[in-house]
Amino acid sequence: MTDHSESLDLWPAPSASRAVDATVTVPGSKSVTNRALILAALAADPGWLRRPLRSRDTLLMADALRSLGIGIEETVSSNSAVSGLPQGRGESWRVIPALPQAPATVDVGNAGTVMRFLPPLAALAEGEVRFDGDPRSHERPLRSLIDALRSLGARVEDGGRGSMPLTVHGVGSLDGGPVEVDASTSSQFISALLLSAPRFNQGVEVRHTGRTLPSLPHIRMTVDMLRRAGVQVDAPDSGGEPNVWRVTPGALLGRDLVVEPDLSNAQPFLAAALVTGGTVTIPDWPVRTTQPGDALRHIFTEMGGTCTLDDRGLTFSGSGRVRGIDADLGEVGELTPGIAAVAALAEGESVLRGVAHLRLHETDRLAALTKEINALGGDVTETEDGLRIRPRALRGGVFHTYEDHRLATAGAVLGLVVKDVEIENIATTGKTMPDFPDLWHRMLAGEGA
Ligand SMILES: O=C(O)C1=C[C@@H](OP(=O)(O)O)[C@@H](O)[C@H](O)C1
Ligand SMILES: C=C(OP(=O)(O)O)C(=O)O
């Protein structure tokens, strides 16, 4: 966690003068969009992504694939009958697959999905693919993935750092086969190996050797999307050996895929309903999904709300009271900042466990949440694997965000009920939700209600 000067942009977080009552159409899922791009790039025939997320992380992925010779054409159609989508939501990306080409240079920004999912794909190119990104990308874990790629036959040069920047020297194919990986610092190592594995000569058998494994729903998402692309995958969930995933080599189908709304980015809006005792509807909430954000239906209900999932989407209402929670968030780590913000406004104590790996996310999220909530008068203590949050009256002040989109949206939730909160660098929400300030203001104006 680096400290940032207060001369950066400050966004006065709007406070809610009454209970919110709004319908909020949330942009597409980052995790689905970036997996869909990889799978479409490796497919045997062209595919479509409908309603892809347009944000820094997904545009970095699209640009990287373009630099590797993959065609990605963006079309916006006001008549989206072709995809059965409501009027005005017809943006589609057509992906024309190709053998990955080198030499190429990839900017990974601070996108975990780009820095982890692309090196295995780059190993299929013939030549040099150089990767680098934001200073924080140099600190995020990558060593287990680099070691795994090497043992699968790839040549990766990382200057002995085990992190960005690195160069993959491909020879046009990768052997693949059995490999061990310790994914206790990031589930993305496993997803990364599985996503490109149908194109490895022997596919892959990934065995996770670490003690813990975070973000299991995201691995399920990888398996589910591979299977929908026609790939045979054995996974622990479907009767396979615990901690082992097997991908059979073979062709991937080009798909026509509608990207689900990002349920983790729905979180601040649902939190707004919870902390103001209001109601928010999120249209197109999927009935079945692998997204971890779906767990919010249960988590925020336990914290004091109620919800209904029907044809209109998910409608979530607060009761006017917010309860503390004791929860293991290991499977849904990316929800932690938003849950911590709600917990800081609750009547009772909360203990958030199972999220030590958040210290290695966009920033050290446990340190950042502790420091920033406490700077507003809160009582947050860092534990070995999470946070203990005790209720205390909060006051206004500057909420620093450390270039972390989820810190910024968590601060906005606090600002709804705590007067005079200013969020540093709200534009950092552009990592996954560039429209956040606008959607937030529209929610408060009751638009769509
Ligand atoms: O595969 C994915 O799309 C993601 C996996 C998770 O990463 P970690 O397992 O590193 O937490 C999650 O936190 C991240 O936001 C997205
Ligand atoms: C951890 C996150 O992102 P990344 O994909 O960069 O790991 C996140 O979005 O909360």
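Residues numbered from 1 in each chain as written. Chains lettered and ligands numbered in written order. Predicted model: local features only at pLDDT ≥ 70, side-chain atom pairs only at ≥ 80, totals over all residues. Heavy atoms only, no water.

Some remarks on the overall build of the chain
(1) Moving on: A tally of helices and strands in the chain yields twelve helices and 23 strands.
(2) Moving on: For the chain, whose C-alpha radius of gyration is 21 Å, the value lies close to the compact-globule estimate of 22 Å for 449 residues.
(3) Moving on: Classification of the 449 residues of the chain by burial places 58% in the buried group.
(4) Moving on: At a minimum sequence separation of 6, the contacts of the chain that also span at least 24 residues come to 74%.
(5) Moving on: For the chain, the exposed area adds up to about 16,700 Å²; of that, 47% sits on carbon and sulfur atoms.
(6) Moving on: Positive and negative side-chain charges in the chain, numbering 43 and 56 respectively, have mean positions lying 2 Å apart. (Helix = DSSP H or I, 4+ residues; strand = E, 2+ residues; numbered from the N terminus. Rg over C-alpha atoms; globule rule 2.2 N^0.38 Å. Buried < 20%, exposed > 50% of the residue type's maximum accessible area, 1.4 Å probe, protein only. Contact = heavy atoms within 4.5 Å. Areas by Shrake-Rupley, 256 points an atom, 1.4 Å probe, with all protein chains shown as cover. Lys, Arg positive; Asp, Glu negative; His and termini not counted. Charge placed at Lys NZ, Arg CZ, Asp CG, Glu CD.)

Thoughts on the confidence of the model for the chain
(1) Moving on: Here the chain averages 95 in pLDDT, and 95% of its residues register 70 or above.
(2) Moving on: Predicted confidence is poor over residues 79-88, with pLDDT under 50, and the contacts of this stretch with residues over four places away or in other chains come to 13 contacts. (pLDDT = per-residue confidence, 0-100.)

Quick look at helix α3 (residues 112-122)
(1) Moving on: With eleven of eleven residues buried, α3 lies mostly within the body of the structure.
(2) Moving on: Those residues of α3 lying buried are Gly112, Thr113, Val114, Met115, Arg116, Phe117, Leu118, Pro119, Pro120, Leu121 and Ala122.

Brief notes about unusual backbone geometry
Glycine aside, negative phi is the norm for most residues, and most peptide bonds take the trans geometry.
(1) Moving on: Following Ala102, the chain continues into Pro103 via a peptide bond in cis, with omega recorded as 5°.
(2) Moving on: Position of Pro103 relative to the elements: it lies in the loop between β5 (91-96) and β6 (104-107).
(3) Moving on: Of note, the bond from Met164 into Pro165 is cis; its omega dihedral lies within 30 degrees of zero at -10°.
(4) Moving on: For Pro165, the location among the structural elements is in the loop between β8 (155-157) and β9 (166-171).
(5) Moving on: The phi torsion at Ser215 lies on the positive side, around 55°, for a residue other than glycine.
(6) Moving on: Position of Ser215 relative to the elements: it lies in the loop between β11 (204-208) and α6 (216-228).
(7) Moving on: One non-glycine residue with positive phi stands out, namely Asn243, at about 65°.
(8) Moving on: As for its placement among the helices and strands, Asn243 is situated in the loop between β12 (233-234) and β13 (244-247).
(9) Moving on: On the basis of relative accessibility, which here comes to 33%, the residue Asn243 falls in the partly exposed class.

Comments concerning the packing of aromatic side chains
(1) Moving on: Considering all chains together, one arrives at five aromatic pairs under this definition.
(2) Moving on: Plain terms: the ring middles of Phe269 and Phe436 are 5.9 Å apart, the flat faces sit at 50° to each other, and that makes the pair tilted. With Phe269 in helix α7 (residues 267-276) and Phe436 in helix α12 (residues 436-444), this pair connects stretches of sequence that are 167 residues apart.
(3) Moving on: Here Phe436 falls in the buried class, since its relative accessible area comes to 0%. (Phe/Tyr/Trp six-rings, centres within 6.5 Å; stacked < 30°, edge-to-face > 60°.)

So, the sheet that holds strand β1 (residues 10-12)
(1) Moving on: The strand order across the open sheet formed by three strands is β1-β23-β22, and the pairing between neighbours is mixed. A single partner strand is all that each edge strand has here, and the edge strands are β1 and β22 (397-399). Across the sheet, the axes of successive neighbouring strands diverge by a mean angle of 35°, strand direction being ignored.
(2) Moving on: By the bridge criterion, three bridges tie β1 to strand β23 (residues 421-424) in an arrangement that is antiparallel. When the bridges of β23 are listed, Pro12 appears paired with Glu422. (Pairing = 2+ DSSP bridges. Axes fitted to C-alpha atoms, helices over the stretch in contact; angles between N-to-C directions.)

With respect to the site of ligand 2
(1) Moving on: As a structural note, the neighbourhood of ligand 2 is formed by 14 residues, with Lys30, Gly112, Arg140, Arg406 and Lys431 the closest of them.
(2) Moving on: Between ligand 2 and Asn110 there is a distance of 3.4 Å, counted from an oxygen atom to a backbone nitrogen or oxygen.
(3) Moving on: Bound to the protein, ligand 2 loses 97% of the 300 Å² it would expose on its own.
(4) Moving on: Among the elements of the structure, α3 and α11 (405-417) are those that each provide at least two residues to the shell around ligand 2.
(5) Moving on: Of the residues in the shell around ligand 2, the class split is one nonpolar, six polar and seven charged. (Near = heavy atom within 4 Å. Polar contact = N/O pair within 3.5 Å; in protein donor to acceptor, adjacent residues only side chain to side chain. Nonpolar A, V, L, I, M, F, W, Y, C, P; charged D, E, K, R; others polar.)

Some words on the UniProt feature "binding site: phosphoenolpyruvate" (unreviewed entry) in the chain
(1) Moving on: Look at the UniProt record and you will see "binding site: phosphoenolpyruvate" (unreviewed entry) annotated at Lys30, Gly112, Arg140, Gln188, Arg365, Arg406 and Lys431.
(2) Moving on: Relative to the helices and strands, Gln188 resides in helix α5 (residues 188-196).
(3) Moving on: For Gln188, a relative accessible area of 17% puts it in the buried group.
(4) Moving on: Residues contacting Gln188, with those up to four places away along its chain left out, are Gly112, Thr113, Arg116 and Phe117.
(5) Moving on: Assignment of secondary structure puts Arg365 in helix α10 (residues 365-375). (UniProt positions renumbered as here; feature names shortened; annotations may be inferred.)

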